[in-house]
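Chain and residue survey
Given next are the chains, with one letter for each unit.
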Amino acid sequence: MGRKGAETRTRLLDTTQDLIEAGGYSGAGLNQVIAASGMPRGSLYFHFPGGKDELVAEALRRAGREIAEAAQRLAATAPDTTALVTGLITMLGDRLESSGWRKGCPVATVALELAATHDALQQVCAEVYDSWERILSDRLAAGGHPDPEGTATAVLALIEGALLLARARRDRRPLDAVARRAAILLTAS
């Protein structure tokens, strides 16, 4: 694929990622993607012959990788798991607030909307969440935590819930509260 093709694909994915994060699967109709990206319909089907489901799946995977890479960078520099989790919460909170409360978790809206009805996209969401849990679990295991998997699941659930509450309230206080509670959870072992 040439430079122009790569730019077109990136633009379609950027647009889809923004639309699904703000409005879920239903908020990312092909007409909305085409209009917001400025790309012709033919380009969409050239790059994503599977249509909307392929496009959304790739946008979810890509968004998941972006957060996972940021978490890995934090994990490499954070002195402990508490600092890693606090850094993640701060990063996600900054992202949410700077987006005008539109961009919380990049997969949550689709996961909530389709988990019970769309097996392929549910699986993509599960894979993304699993990758994030592994980062936390690996860090906890390296620190000798007695239940790294269970604690990683609990911490991720706390973060996801805090993002939802912060987005609904347009207020960072749920994120701040979860950062404090996560620190307690992570040190109580």
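Residues numbered from 1 in each chain as written. Predicted model: local features only at pLDDT ≥ 70, side-chain atom pairs only at ≥ 80, totals over all residues. Heavy atoms only, no water.

A word on the pattern of salt bridges
Rules: When a carboxyl oxygen of Asp or Glu is within 4 Å of a side-chain nitrogen of Lys or Arg, the pair counts as a salt bridge. Only protein chains enter the accessibility calculation, which uses a 1.4 Å probe; a residue whose area is less than 20% of its type maximum is buried, one above 50% is exposed, and one in between is partly exposed. We count a stretch as a helix when DSSP gives it H or I for four or more residues in a row; a strand needs E for two or more, and each element gets its number in order from the N terminus.
For the structure shown, the criterion picks out eight salt bridges. Across the salt bridge formed by Glu58 and Arg65, the nearest N and O atoms sit 3.3 Å from each other. For Glu58, a relative accessible area of 19% puts it in the buried group. On the basis of relative accessibility, which here comes to 40%, the residue Arg65 falls in the partly exposed class. Linking Arg172 and Asp94 is a salt bridge whose minimum nitrogen-to-oxygen distance equals 2.7 Å. Taken as a pair, Arg172 in the loop between helix 8 (148-169) and helix 9 (173-187) and Asp94 in helix 5 (residues 81-98) lie far apart in primary sequence, 78 residues in all. Classification of Arg172 by relative accessible area gives buried; the value is 18%. Note on Asp94: relative accessible area 40%, which makes it partly exposed. Here the salt bridges do not stand alone but share partners, grouping Asp94, Glu97 and Arg172 into one network.

What about the packing of helix 5 against helix 9?
How two helices pack is summed up by the angle between their axes together with the distance between the axes. Put simply, the rule is: Interaxial angle, 0 to 180 degrees, is taken between N-to-C directions of lines fitted to C-alpha atoms, where a helix line uses only the stretch in contact. Here the word oblique covers every angle except those under 35 degrees (roughly parallel), over 145 (roughly antiparallel) and from 65 to 115 (roughly perpendicular). Each crossing gets its hand from how the near helix is turned against the far one by less than a right angle, where anticlockwise is left-handed and clockwise is right-handed. We call two residues in contact when some of their heavy atoms are within 4.5 Å. In this classification, the charged set is Asp, Glu, Lys and Arg, the nonpolar set is Ala, Val, Leu, Ile, Met, Phe, Trp, Tyr, Cys and Pro, and all remaining amino acids, among them Gly, are polar.
Relative orientation of the contacting elements helix 5 and helix 9 amounts to 165°, with a least axis distance of 9 Å. Our classification of the angle between helix 5 and helix 9 gives roughly antiparallel. Helix 5 and helix 9 meet at a crossing whose hand is right-handed. Within the contact between the two elements, helix 5 uses Thr81, Thr82, Val85, Ile89 and Gly93 and helix 9 uses Leu175, Val178, Ala179, Ala182, Ala183, Leu186 and Thr187. In terms of residue class, the contact of helix 5 with helix 9 is made up of eight nonpolar, four polar and no charged.

Quick notes on unusual backbone geometry
Despite not being glycine, Trp101 shows a phi value in the positive range, around 70°. Positive phi, normally seen in glycine, also occurs at Arg170, with a value near 55°. With respect to the helices and strands, Arg170 occurs in the loop between helix 8 and helix 9.

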